[in-house]
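# Results of the structural survey
These are the residues of each chain, in order.
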Amino acid sequence: MIPKYEQIKQDLLSEIKNHTFIPGDKFYSEADIKRRYSVSSITAVKALNELTSAGYLYRIQGKGTFVSKSKVSQNVKFSDIELHSLDTEKIQVVSVEEENNPEILKELGLSANSSYYKIIRVRSFGDVPFLVHITHLPKKLMKEPISKKLSTYSSVYERVRKDFDVDLFSLASVETNEIVFPDDAELLNLLQLSFREPVVKQIKHSYLPDRSVAEYIVSYKHWKYFKTKIEVEAE
């Protein structure tokens, strides 16, 4: 049988998600819940504490309990808008190398005596490069020996899916974006950038079901070809 406080919590949570309350609204007090559900203070407080711990509510001493702005949220979807025809897009694999940089090993959650594969690719439309992908994969997701035909790795996701039946695209991931001014000569050359021109640096980690890191990608997108769409949907 579901505990009474859990029943109350789910009932209150339904009201929050259905926007009976909007972010910033004052929420039911302990006394309100006791009266409404004919329960003890302990049960009322436990239901409120559960919602507060989950981030749906917050308390202000002496003023009461309020609906959180951060949790009663809409679903927000960010997506890149391609500013060119995908029909004209080309991918060049610059290199595929085995490395053991300590910083990258840490990002991949690998031990200091391990190694990984680093794949550098450039995406272009026509003869205009607009995106450099630097993909780092643990060796368990790279079939050895490595093919001498670099175009084999033009689509890393397709390669991993074929070799290991792992769909990297569907994995949980975390991505961050920031504007940087690169000074690395190779990167500037690959993107045909002048010194001190900005790029969008995108860092992504994807995770296998066991929470181990499946990929660590650092991408650099030419500032002229970066555009993002933000979609907000009510829950």
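These figures come from a predicted structure and were not determined experimentally.

For the rest of this paragraph, the subject is the side chain of Arg123. Within the secondary structure, Arg123 is located in strand β5 (residues 116-125). One polar contact links Arg123 to Glu89, side chain to side chain, over a distance of 2.9 Å.

Over its 14 residues, helix α1 (residues 4-17) extends 20 Å from the first C-alpha to the last, a length consistent with the 20 Å expected when each residue adds 1.5 Å. Burial in α1 covers these residues: Ile8, Lys9, Leu12, Leu13, Glu15 and Ile16. The arc that holds the buried residues of α1, viewed along the axis, is 155 degrees, so those residues lie on one side. Just downstream of α1, His19 is the residue with a positive phi angle, here 65 degrees.

Moving on to the packing of aromatic side chains. Applying the stated criterion across every chain yields a total of 7 aromatic pairs. A ring pair is formed by Phe125 and Tyr225, whose centres lie 5.2 Å apart and whose planes are at 80 degrees; its orientation type is edge-to-face. With Phe125 in strand β5 and Tyr225 in the loop between β9 (213-222) and β10 (228-233), this pair connects stretches of sequence that are 100 residues apart. A relative accessible area of 19% means that Tyr225 is categorised as buried. Aromatic ring contacts, followed pair by pair, group Phe21, Phe27 and Tyr28 into a single cluster. The aromatic ring of Tyr5 is capped on one face by Lys46, whose charged end is 4.7 Å from the ring centroid. A cation over an aromatic ring shows up here: Arg211 above the ring of Tyr207, its NZ or CZ 4.6 Å from the ring centre.

Parameters and conventions
- Sequence order as written defines the numbering, with residues in each chain counted from 1.
- Note on the predicted model: pLDDT of at least 70 is required for a residue's local features to be given, and 80 or more for side-chain atom pairs to be given and counted; whole-chain, interface and lining totals, by contrast, use all residues.
- As a rule here, side-chain values cover all heavy atoms of the structure and leave hydrogens and water aside.
- A run of H or I in DSSP counts as a helix once it spans at least four residues, and a run of E counts as a strand once it spans at least two, with each numbered from the N terminus.
- Residues adjacent in sequence count toward polar contacts only when both atoms are side-chain atoms; beyond that, a polar contact is any pair of N or O atoms within 3.5 Å, and within protein one must be able to donate a hydrogen and the other to accept it.
- Any helix carries an expected span of 1.5 Å times its number of residues minus one.
- Three labels apply to residues, based on accessible area from a 1.4 Å probe with only protein chains included: buried if under 20% of the type maximum, exposed if over 50%, partly exposed otherwise in between.
- It is the directions from the helix axis to the C-beta atoms whose arc is reported.
- The criterion for an aromatic pair is that two Phe, Tyr or Trp rings (for Trp, the six-membered ring) have centres within 6.5 Å, with stacked assigned to planes under 30 degrees apart, edge-to-face to planes over 60 apart and tilted to the rest.
- Only when the NZ atom of a Lys or the CZ atom of an Arg is both within 6 Å of the ring centre and within 35 degrees of the ring normal do we say a charge sits over the ring.

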